[in-house]
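Listed below are the residues making up each chain.
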Amino acid sequence: MDQRPRSPRVPVEFPLTVEGTDEGGKPFAAEGTAVKISHGGATIVIDVDVPVGSKVTLVQASGAKLAAEVNGSWIDDLDGKRRIGIKLLDTNGWFGE
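## Points about the overall build of the chain
Within the chain, the secondary structure is distributed over zero helices and six strands. Computed over C-alpha atoms, the radius of gyration of the chain comes to 12 Å, within 12% of the 13 Å expected from 2.2 N^0.38 for 97 residues, which places it in the range of a compact globule. Overall, the C-alpha framework of the chain stretches about 35 × 30 × 25 Å when taken along its three principal axes. Carbon and sulfur atoms form 51% of the exposed surface of the chain, whose accessible area is close to 6100 Å². Measuring between centres, the 11 positive side-chain charges of the chain sit 4 Å from its 14 negative side-chain charges.

Now the structure itself:
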């Protein structure tokens, strides 16, 4: 199955907070950095092991919140940092009101 995003992801770098439940079932709020975004998703560098399929809330610096679902989790071979791929659940993506 092809795992590539439906729309191209653009390199970015901005902080956000990811809220959800970790692999052990404990609630967390962790600082992360979005490193690629598309209209409906993103790749985020984060230190928490978040299970694929988890629902998370992304809190932007402005305080805006976006619901998302984790659709990938991996350790990057180049820098050894954990990344998650997310799909935004709002049809307006990053640009919702």
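Read on for the rest.
## Here we look at the sheet that holds strand β2 (residues 27–38)
One closed barrel accounts for six strands, arranged β1-β2-β3-β6-β5-β4; its pairing is antiparallel. Looking at each pair of strands side by side, their axes are set apart by 45° on average, direction ignored. Inspection of the sheet shows β2 paired to strand β3 (residues 41–46) by six bridges, in the antiparallel sense. Bridge pairing links Ile-37 to Ala-42 in β3.

## Some words on the pattern of salt bridges
Enumeration according to the criterion identifies three salt bridges in this entry. A salt bridge links Asp-49 to Arg-82, with the nearest nitrogen and oxygen atoms 3.6 Å apart. One end of the pair, Asp-49, is in the loop between β3 and β4 (55–60); the other, Arg-82, is in strand β6 (residues 82–88), with 33 residues separating them in the sequence. Across the pair Asp-79 and Arg-83 runs a salt bridge whose closest N-O atoms are separated by 3.0 Å.

## Examining the nonpolar core
Residues Val-18, Ile-44, Ile-46, Val-56, Leu-58, Ile-86 and Trp-94 are the most contacted members of the largest nonpolar core, which totals 20 residues. Those elements giving two or more residues to this core turn out to be β1 (10–21), β2, β3, β4, β5 (65–75) and β6. Of the residues forming this core, the biggest block, four residues, is contributed by β2. The residues contacting Leu-58, other than those within four sequence positions of it, are Leu-16, Thr-17, Val-18, Ile-44, Ala-64, Lys-65, Leu-66, Ala-68, Ile-86, Leu-88 and Trp-94.

## Observations regarding the environment of Gly-20
Mapped onto the fold, Gly-20 is located in strand β1. The buried category is assigned to Gly-20, whose relative accessible area is 16%. On a C-alpha basis, the gap between Gly-20 and Glu-69 in space is 10.0 Å, while along the polypeptide they are 49 residues apart. Sequence-distant contacts of Gly-20, defined by excluding residues within four places in its chain, comprise Lys-26, Pro-27, Phe-28, Lys-55 and Val-56.

## A closer look at the pairing of β1
Sheet topology note: the β1/β2 ladder contains ten bridges and is antiparallel. Looking at β2, one finds that Thr-17 is bridged to Glu-31. The hairpin turn running from β1 into β2, its antiparallel successor, is five residues long, and Gly-25 in that turn takes a positive phi close to 85°. Pairing geometry for β1 and β4, over four bridges, is antiparallel. In the strand pairing of β4, Val-18 is matched with Leu-58.

What counts, and where the lines are drawn
- Residues numbered from 1 in each chain as written.
- Predicted model: local features only at pLDDT ≥ 70, side-chain atom pairs only at ≥ 80, totals over all residues.
- Heavy atoms only, no water.
- Helix = DSSP H or I, 4+ residues; strand = E, 2+ residues; numbered from the N terminus.
- Rg over C-alpha atoms; globule rule 2.2 N^0.38 Å.
- Areas by Shrake-Rupley, 256 points an atom, 1.4 Å probe, with all protein chains shown as cover.
- Lys, Arg positive; Asp, Glu negative; His and termini not counted.
- Charge placed at Lys NZ, Arg CZ, Asp CG, Glu CD.
- Pairing = 2+ DSSP bridges.
- Axes fitted to C-alpha atoms, helices over the stretch in contact; angles between N-to-C directions.
- Salt bridge = Lys/Arg side-chain N within 4 Å of Asp/Glu carboxyl O.
- Core = buried A, V, L, I, M, F, W, Y, C linked by side-chain atoms within 4.5 Å.
- Buried < 20%, exposed > 50% of the residue type's maximum accessible area, 1.4 Å probe, protein only.
- Contact = heavy atoms within 4.5 Å.

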